[in-house]
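Observations on chain architecture
The primary structure of each chain is shown beneath.
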Amino acid sequence: MPTPSMRCCSMRLAFAVLAVILSSGTRLALGQSIIPKYLDCPSPPPSPAPSPPPSNTTAATKFHDNVLRLLDALPSSTATTGFASLSRGDGGDRAFVRSLCRGDVPAGDCKTCVTNAAAELNRNCSGGGRQAGIWYENCFLSYSDTNASAGYEQTYRQELYNRFNASDTDAFMRTYYALMNRLSTRAVAGEPESPATAPMFATGQAVYDTNAPNGTMYGLVQCARDRTAAECKQCLQTSVAQLPHCCYGHQGGVVLGYNCYLRVEIYTYYDLALDVEPPPPAAAPLPLNEEGHGKKKPDMILAVALPVGTALFIVGILVTIFMYKRKVTQQDDSSNEEDIGFVDLEQINLRLLREATENFSQENKLGMGGFGEVFKGTLQTGEQIAVKRLSKHSSQGFHELKNELVLAAKLKHKNLAPLKGVCVQQEKLLVYEYMPNGSLDTFLFVCGLVDVWKKWRTGLAVDVVDASLTGQYPESEVLNCLEVGLLCVQENPADRPDASAVVLLLGSPNSMPDEARREPSRPAFFFGAGESGSGDAAEGGSSRDALIGDGRSAPSSENVMTISDFQPR
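Numbering of residues begins from 1 in every chain and follows the order in which that chain's sequence is written. Totals for whole chains, interfaces and linings use all residues, but because this is a predicted model, local features are given only for residues with pLDDT of at least 70 and pairs of side-chain atoms are given and counted only at 80 or more. For side-chain calculations, the full set of non-hydrogen atoms in the structure is used, while hydrogens and water are omitted.

1. So, the pairing of strand E8 (residues 216-223)
Taken across its eight residues, E8 has eight buried, putting it largely inside the fold. Note on classification: 1.4 Å probe, protein chains only; a residue is buried when its accessible area is under 20% of the maximum for its type, exposed when over 50%, partly exposed between these limits. Working definition: helices are DSSP H or I runs of at least four residues, strands are E runs of at least two. Numbering for both runs from the N terminus. Going residue by residue along E8, you find Thr-216, Tyr-218, Leu-220 and Gln-222 tucked away on one face and Met-217, Gly-219, Val-221 and Cys-223 tucked away on the opposite face as well. Alignment of strand E7 (residues 201-207) against E8, held across seven bridges, turns out to be antiparallel. Each residue of the ladder has a partner; that of Thr-203, found in E8, is Leu-220. Pairing analysis gives six bridges linking E8 to strand E10 (residues 260-265), with the strands arranged antiparallel. Residue Gly-219 lies in a different strand from E10, and its bridge partner there is Val-264. Paired strands, in this sense, are two strands between which DSSP finds at least two bridges.

2. Considerations on the sheet that holds strand E2 (residues 83-88)
One open sheet accounts for five strands, arranged E1-E4-E5-E3-E2; its pairing is antiparallel. Looking at the sheet topology across the chains shown, the edges are occupied by strand E1 (38-40) and E2. On average, adjacent strands in this sheet sit at an angle of 10° to one another, irrespective of strand direction. Strand direction decides the pairing type here: E1 and strand E4 (residues 131-135), joined by three bridges, are antiparallel. Within E4, the residue paired with Leu-39 across the bridge is Ile-134. What makes two residues a contact is simply this: any of their non-hydrogen atoms within 4.5 Å. Convention adopted: a line fitted to C-alpha atoms gives each axis, helices being fitted over their contacting stretch, and angles between N-to-C directions are expressed from 0 to 180 degrees. Packed on one face of the sheet, helix H3 (residues 107-124) meets E1, strand E3 (95-101), E4 and strand E5 (139-144) and runs near 40° to E5.

3. With respect to the state of the cysteines
For this text, the term disulfide refers to a pair of cysteine sulfurs within 2.5 Å. Counting across every chain of the model gives six disulfides. What pairs with Cys-223 in a disulfide is Cys-232, and their sulfur atoms sit 2.1 Å apart. A torsion of 80° about the S-S bond marks the disulfide between Cys-223 and Cys-232 as right-handed. With its bonded cysteines labelled in order along the sequence, the protein shows the pairing 1-5, 2-3, 4-6, 7-8, 9-12, 10-11.

4. Here we look at the packing of helix H5 (residues 169-189) against helix H6 (residues 229-247)
Their axes nearest at 10 Å, the elements H5 and H6 cross at an angle of 165°. By the angle class used here, H5 and H6 are roughly antiparallel. Between H5 and H6 lies a crossing of right-handed hand. Residue-level inspection shows Met-173, Tyr-176, Tyr-177, Met-180, Asn-181, Ser-184, Ala-187 and Val-188 of H5 in contact with H6, the latter providing Ala-229, Cys-232, Lys-233, Leu-236, Ser-239, Val-240, Leu-243 and Pro-244. Tallied by class, the residues present in the contact of H5 with H6 amount to twelve nonpolar, three polar and one charged. Angular relationships are summarised with four words: roughly parallel below 35 degrees, roughly antiparallel beyond 145, roughly perpendicular across 65 to 115, and oblique for the angles in between. Crossings are classed by handedness, with left-handed meaning an anticlockwise turn of the near helix from the far one by less than a right angle and right-handed meaning a clockwise turn. Amino acids are sorted into nonpolar (Ala, Val, Leu, Ile, Met, Phe, Trp, Tyr, Cys and Pro), charged (Asp, Glu, Lys and Arg) and polar (every other residue, Gly among them).

5. Observations concerning the packing of aromatic side chains
Between 30 and 60 degrees the pair is tilted, below 30 it is stacked and above 60 it is edge-to-face, where a pair is any two Phe, Tyr or Trp rings, Trp via its six-membered ring, whose centres lie within 6.5 Å. Across all of its chains, the model carries 15 aromatic pairs by this definition. Taking the centre distance of 5.2 Å and the plane angle of 85° together, the rings of Tyr-269 and Tyr-270 count as edge-to-face. You'll find Tyr-269 and Tyr-270 in the same group, each marked buried. Each member of the aromatic cluster is reached from another via a ring pair, and the members are Tyr-38, Trp-135, Phe-140, Tyr-152, Tyr-156 and Tyr-258. Working rule: Lys NZ or Arg CZ, within 6 Å of ring centre, within 35 degrees of ring normal, means a charge sits over the ring. Looking at Arg-130, its charged tip hangs above the ring of Phe-63, at a distance of 4.2 Å from the centre. Sitting over the ring of Phe-360, Arg-389 keeps its end group 4.2 Å from the ring centre.

6. Topic: the confidence of the model for the protein
For the protein, mean pLDDT is 75; residues scoring 70 or higher make up 67% of the total. Within the model, the stretch residues 1-34 combines pLDDT values under 50 with 46 contacts to residues more than four positions away or in other chains. What pLDDT reports is the predictor's confidence in each residue, on a scale of 0 through 100. Segment residues 332-339: pLDDT under 50, and six contacts once partners within four positions in sequence are set aside and those in other chains are kept.

7. Some words on empty space enclosed by the protein
Put simply, the grid is 1 Å and covers the protein atoms alone, a cavity is a trapped set of points that fit a 1.4 Å probe, a pocket is an open set with protein on both sides within 12 Å along at least five of seven lines, and lining residues have an atom within 4 Å of a point. Grid points are joined across faces, edges and corners, and a volume is the space filled by probe spheres set on the points. By volume, the largest cavity is sized at about 140 Å³. Leu-100, Trp-135, Phe-140, Gln-222 and Tyr-261 are, among the 17 residues lining the largest cavity, the residues nearest its centre. Mapped onto the lining of the largest cavity, the elements with two or more residues apiece are E3, E5, E8 and E10. When its residues are assigned to classes, the lining of the largest cavity shows eleven nonpolar, four polar and two charged. What counts as a domain boundary in this text is fixed by an automatic or database domain assignment. No fewer than three residues from each of domain 1 (38-44 + 60-147) and domain 2 (157-274) sit in the lining of the largest cavity.

8. As for the pairing of strand E13 (residues 372-378)
Sheet topology note: the strand E12 (residues 365-368)/E13 ladder contains three bridges and is antiparallel. Considered in E13, the bridge of Met-368 is made with Glu-373. Strand direction decides the pairing type here: E13 and strand E14 (residues 384-390), joined by seven bridges, are antiparallel. By the bridge assignment for E14, Gly-377 is matched with Ile-385.

9. Section: the sheet that holds strand E9 (residues 253-256)
The strand order across the open sheet built from five strands is E6-E9-E10-E8-E7, with neighbouring strands paired in antiparallel fashion. Since the sheet does not close on itself, it has two edges, and those belong to strand E6 (158-161) and E7, each with one partner. Across the sheet, the mean angle from the axis of one strand to that of its neighbour is 10°, orientation sign disregarded. Pairing of E9 with E10, which is carried by four bridges, proceeds in the antiparallel orientation.

10. Observations regarding the side chain of Arg-102
Turning to its location among the elements, Arg-102 is positioned in the loop between E3 and H3. Residue Arg-102 is classed as buried on the basis of its relative accessible area, which comes to 3%. Between N or O atoms, a polar contact is any pair within 3.5 Å; within protein, one atom must be a potential hydrogen donor and the other a potential acceptor, and residues adjacent in sequence are included only when both atoms are from side chains. Side chain to side chain, Arg-102 and Asp-104 meet in a polar contact 2.8 Å long.

Written out as structure tokens, the structure is:
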């Protein structure tokens, strides 16, 4: 009897012959045996001591007699459903046989395969062993002295593989695991996936290399139907891991087991129609009319069902959206009040702020920014306040508001307007101390009386310096600083000096000859004191339009703050 290693080598040779056949373009029919038979006939354990010659009625003879009778009955029993499990005898001479056809094999091919396997098993495994198995491509058959899944059956595996390597081994193995795990889950479910297949059987395909001519793998898994779902799952998990363990990177292979079967190839070996989802069940017949003459009324049914169904569907969607938004709003309001509690600020009632600002009237509006509008208000005590109101359309959310609260609460300075309180009831409002003299930016920006660019062009740049500092600074240093500043805000970014040049100009103004110093060009934007749209109007006017690089004027807000028109850098 050939050893397991000899049988494995013969199977590899058979696969090599098969690969040559496939590469030549030959197609084999489904009923043909692509995988040659594989036998497992464990030898009986040696007897510990000589025993007297057995009679014709020994238990061993009775056991094998029962096996032979069961093997004769097995083909007919299997053909109907593709699976059979039979037993005969009592006590120690009782025999159990099982047969399983592949889940997609027709009844006639199944019966033929089981007949041939039974004859082959009887011919080759009659040496006294009490357990044996045989595998063909389309069927499997075994006999034993127990019907339980014994340890030998659970651990037995035989791997057969294609000797050629996959085009992309790593991708092949990743796809292999994903496909086989998916198929195993379907097989463990137990129910047949279509009328053409058996229970505990699944097939499928997956692409592992889109550039290879054979870049699709085809997988098949099956469990014996007398095994539980847990036994099927355990068997397939072991087999899925077993094939890469022995045959990593090969184009395909088979794992044979007593309780389950696994196969993957880069060519088709089952009907691809099995991979198609089963068609939906047929629609129920339309009801008869009241007269009972059997006349159907599809027009009337459709005319009523379609509008009603569509209306209910739309109403359901609208109700769902409304309830969701309402829930989110309620959660936001409650969470906002909770989140704001960590800031040690007075929470002011919304009604009081509405009264103070005359319901946020336009007459009390001080200005507008990215956060929203700012309104002047007067509390019942006579104290004046500035209320910053977050616009509902503002891009600034509650987290930005919370950040501003944290900063405003921590920063204390005489030149910073103190934050007096906050309101997060329905609206998000910040309450500051009112500044009757306006914001600091009014004085900082370059104060409605001077303009650096215009002064520079007319040769009067030193006039931008505060008159109280006259005679207390070197005029050349002031001019140098103004020149560097104007160079850094030129409209064309390519004309602006880099950081190293700025350091050089400020630290060593005389290190660069006059002919190498470039005259500043017009800034990207500037405040035109006395400008009335464009051009150089007389100074001293009241207009505060901001002129941008192309001469257009940008509108200013009522609190004398510009709305910048950004140009790309």
